[in-house]
Amino acid sequence: MAQFYPLKIKHIVRETPDSVSVSFDVPEEARERFVFVPGQYLTLRARIADEDLRRTYSICSGIDDGDLRVAIKRVDGGVFSGFANDNLEVGMEIDVMPPLGRFTNAADPAARNDYVAFAAGSGVTPVLSIVKSVLAREPSSTFTLFYGNRDRNSVIFREELEDLKDRFIDRFTLVHVLSREAQDVDILHGRIDADRIRKFAENKLFDPRSATKVFLCGPGDMIDDARRVLEDLGVEPDRIRFELFTPADGGAASKKSAVPPPSAAHSKGVSVEAVLDGVRATFTMEGADGNVIDAAHRQGIELPYSCKGGMCCTCRCKLVEGEVEMAENYSLEPWELDAGYILSCQARPLTEKVVLDFDEV
């Protein structure tokens, strides 16, 4: 089971007026559990206003940095992000879950790759981890990053990115795209969308045909546009990796569909059996419960979850018996759906009994 560990905050940096990066001091006995693959995220947990809240934030450290660091951008009305930006201090202890996530890239020293990434706002965080690790570990590979923001003052990690550009001038290309600040080149003023990506290719800022992998991280609309145009430009789908913004503090990655009403079985009360760490727990899910995770929590049963938005896959489990419907799915691959995996934070039963196995990987 993915569990939390209390980690002390080692360092805090104000990256922009509305974002901070936070690094953690990992004790020797927990270091193996916090070894990460570039692109993964951490889940933080804190009790704020008498409520147990948890949020996921991507690791921005390179694999050779000797540091474990995340970036937290303030969200309008965001309880956790506001708390983190205003109240976290060096030496404070906070609960942290070991690294998870699939938006990753394991660097190969023998590889010769041509990487391309499109990121917007805080979506640069996991991409930065991947960029730094590739530049350090793959001496024959190149990386081109298109990074969208409102203006220069909102660019997270601006100095760090510029330093990488200067240090790896022949291997790292950094292209800033600003929506509210004019630039000398017209195609660099605006948002990263399908038309702009097509113009980048036409102006030979990147070559879709030679791109080994393309990473996308940002809001849902940007990712949908980018995937469509990249495939039109000849990039095979299996070369495109993407991660949507995880909903935090009530935000959403893209337009969410309406939550369906409870099924007849759900309204009557459903028996749910959950297998976790070899232990079987049974609870009842009632019509007022929005999903399996909420039903379990109401009855004092702790099942793994993080974002509760259908993106992080922390709550992934296998449906062994019964049927469910999911309100959203931004993270399970088609093969996983075919194999019977579901996101329990999005699942509502359609049958009178459901059996879920969280130990199936």
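Note that the structure is a prediction, hence the values are computed from the model and not measured.

**Focus on the overall build of the protein chain**
(1) Moving on: When helices and strands are tallied, the protein chain shows eight helices and 18 strands.
(2) Moving on: Relative to the 2.2 N^0.38 estimate, which gives 21 Å for 361 residues, the radius of gyration of the protein chain is 21 Å and therefore close to what a compact globule would have.
(3) Moving on: The principal-axis extent of the C-alpha atoms belonging to the protein chain is close to 65 × 50 × 40 Å.
(4) Moving on: When the 361 residues of the protein chain are sorted by exposure, 52% land in the buried category.
(5) Moving on: Sequence separation of 24 or more characterises 67% of the internal contacts of the protein chain that already satisfy a separation of 6 or more.
(6) Moving on: Surface summary for the protein chain: the accessible area is close to 16700 Å², and the carbon and sulfur share equals 46%.

**A closer look at the sheet that holds strand S5 (residues 69-73)**
(1) Moving on: Ordered by their spatial adjacency, six strands build an open sheet running S4-S3-S6-S1-S2-S5, and the pairing between neighbours is antiparallel. Both edges of this open sheet fall to strand S4 (51-58) and S5, since each of them pairs with a single strand only. Averaged over all pairs of adjacent strands, the angle between strand axes in this sheet comes to 40°, irrespective of strand direction.
(2) Moving on: Lying on the sheet, helix H1 (residues 79-87) is in contact with strand S1 (5-16), strand S2 (19-25), strand S3 (41-48), S4, S5 and strand S6 (93-100); it crosses S3 at an angle near 90°.

**Focus: the sheet that holds strand S8 (residues 142-149)**
(1) Moving on: Read from one edge to the other, the open sheet built from five strands follows the order S9-S8-S7-S10-S11, with strand pairing classed as parallel. Bordering the open sheet on either side are strand S9 (172-178) and strand S11 (240-244), each of which pairs with just one other strand. The average undirected angle you get between the axes of adjacent strands in this sheet is 10°.
(2) Moving on: When strand S7 (residues 114-120) meets strand S10 (residues 213-218), the two strands line up parallel, connected through five bridges. Note that in S10 the partner of Ala119 across the bridge is Cys217.
(3) Moving on: In this fold helix H3 (residues 158-167) packs onto S8 and S9, with an angle of close to 145° to the strand it touches most, S9.
(4) Moving on: Taken strand by strand, helix H5 (residues 220-232) contacts S7, S10 and S11, and its axis lies near 160° from that of S10.

**Examining the packing of helix H4 (residues 194-202) against H5**
(1) Moving on: Across the interface, H4 lies against H5 with an axial gap of 8 Å and an inter-helix angle of 35°. Regarding H4 and H5, the two cross each other, and that crossing is right-handed. Judged by residue contacts, Ala194, Ile197 and Arg198 of H4 engage Asp225, Ala226, Val229, Leu230 and Asp232 from H5.
(2) Moving on: Broken down by class, the residue content of the contact of H4 with H5 amounts to five nonpolar, no polar and three charged.

**A closer look at the nonpolar core**
(1) Moving on: Membership of the largest hydrophobic core comes to 29 residues, with the highest contact counts inside it found for Phe118, Phe206 and Leu230.
(2) Moving on: Looking at this core, the elements that each hand over two or more residues are S7, S9, H4, S10, H5 and S11.
(3) Moving on: Looking at this core element by element, the count peaks at five residues for H5.
(4) Moving on: Ignoring any residue separated from it by four or fewer positions in sequence, one finds Leu230 in contact with Phe118, Ile197, Phe206, Val214, Leu216, Val235 and Ile240.
(5) Moving on: Membership of the second largest hydrophobic core comes to 27 residues, among which are Leu135, Phe143, Phe157 and Leu178.

Procedures and definitions
Residues numbered from 1 in each chain as written. Predicted model: local features only at pLDDT ≥ 70, side-chain atom pairs only at ≥ 80, totals over all residues. Heavy atoms only, no water. Helix = DSSP H or I, 4+ residues; strand = E, 2+ residues; numbered from the N terminus. Rg over C-alpha atoms; globule rule 2.2 N^0.38 Å. Buried < 20%, exposed > 50% of the residue type's maximum accessible area, 1.4 Å probe, protein only. Contact = heavy atoms within 4.5 Å. Areas by Shrake-Rupley, 256 points an atom, 1.4 Å probe, with all protein chains shown as cover. Pairing = 2+ DSSP bridges. Axes fitted to C-alpha atoms, helices over the stretch in contact; angles between N-to-C directions. Left-handed = near helix turned anticlockwise from the far one by under 90°. Nonpolar A, V, L, I, M, F, W, Y, C, P; charged D, E, K, R; others polar. Core = buried A, V, L, I, M, F, W, Y, C linked by side-chain atoms within 4.5 Å.

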